[in-house]
Amino acid sequence: MAEHKANHQARGTGRIRQQSEADRDAMALQQMQDDISGKTPLETMASREVPMVDVVRLRKTLGMSQERFCSHFGFRLGSVRNWEQGRRLPERPARILLRMIEDDPERVERFLREAY
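Parameters at a glance
Residues numbered from 1 in each chain as written. Predicted model: local features only at pLDDT ≥ 70, side-chain atom pairs only at ≥ 80, totals over all residues. Heavy atoms only, no water. Helix = DSSP H or I, 4+ residues; strand = E, 2+ residues; numbered from the N terminus. Buried < 20%, exposed > 50% of the residue type's maximum accessible area, 1.4 Å probe, protein only. Areas by Shrake-Rupley, 256 points an atom, 1.4 Å probe, with all protein chains shown as cover. Salt bridge = Lys/Arg side-chain N within 4 Å of Asp/Glu carboxyl O. Core = buried A, V, L, I, M, F, W, Y, C linked by side-chain atoms within 4.5 Å. Contact = heavy atoms within 4.5 Å. Arc of directions from axis to C-beta.

1. Here's the deal with the overall build of the chain
For step 1, the next point in the chain: Within the chain, the regular secondary structure consists of six helices and zero strands.
For step 2, the next point in the chain: The burial tally for the chain puts 21% of its 116 residues in the buried class.
For step 3, the next point in the chain: Only carbon and sulfur atoms are counted for the fraction: they give 52% of the accessible area of the chain, which is about 9400 Å².

2. Section: the pattern of salt bridges
For step 1, the next point in the chain: Under the definition given, this model contains five salt bridges.
For step 2, the next point in the chain: For Arg95, the salt bridge identified is with Glu49, shortest N-O distance 3.3 Å. Of this pair, Arg95 sits in helix α5 (residues 92-103) while Glu49 sits in the loop between α1 (2-37) and α2 (55-61); the two residues are 46 residues apart in sequence, bridging distant segments of the chain.
For step 3, the next point in the chain: Classification of Glu49 as exposed rests on a relative accessible area of 64%.

3. Quick word on the nonpolar core
For step 1, the next point in the chain: Core analysis: the largest hydrophobic core is formed by 14 residues, its most contacted members being Phe69, Phe73, Phe75, Val80, Trp83 and Leu98.
For step 2, the next point in the chain: For this core, the secondary-structure elements that each account for two or more residues are α2, α3 (66-73), α4 (77-84) and α5.
For step 3, the next point in the chain: With near-sequence residues (within four places) excluded, Leu98 lies in contact with Val53, Val55, Leu58, Phe69, Phe75, Trp83 and Pro90.

4. Topic: α4
For step 1, the next point in the chain: Among all positions in α4, only Ser79, Val80, Trp83 and Glu84 are buried. Looking straight down α4, one finds that the buried residues subtend no more than 125° of arc, so they occupy a single side.
For step 2, the next point in the chain: At its buried positions, α4 is contacted by α2, α3 and α5.

Geometric descriptors of this kind do not, in isolation, establish any biological role.
Rendered as structure tokens:
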């Protein structure tokens with residue numbers, strides 16, 4: 001009798017798990033549709049601070065000269081020189097790209113190859 005009750009409870013738990021998984025899937029699908037249609041406002045990311053990247057270390061880790069680094073990733077040579085010599089700091093969009101390069105340079109390279 002106890003075994004029968006345990007089996008019944010286990011099946012009930014499985015059904016609840018399946019139902020909640022289906023509910024989560026339905027909610028995710030609805031959220032995606034709302035995002036695509038523009039019903040849901042996009043999350044503001046501009047307020048998040050993007051940490052600085054050591055550009056010299058990054059470039060040297062990649063084994064690139066300043067010129068090659070600039071042509072490879074689309075930076076201006078004067079900007080990279082200014083960043084590396086501490087005369088200027090990269091603006092937020094440049095810091096984002098630098099962080100992406102630091103995190104996964106192959107992925108950025110692949111994106112650039114496929115995009116252009």
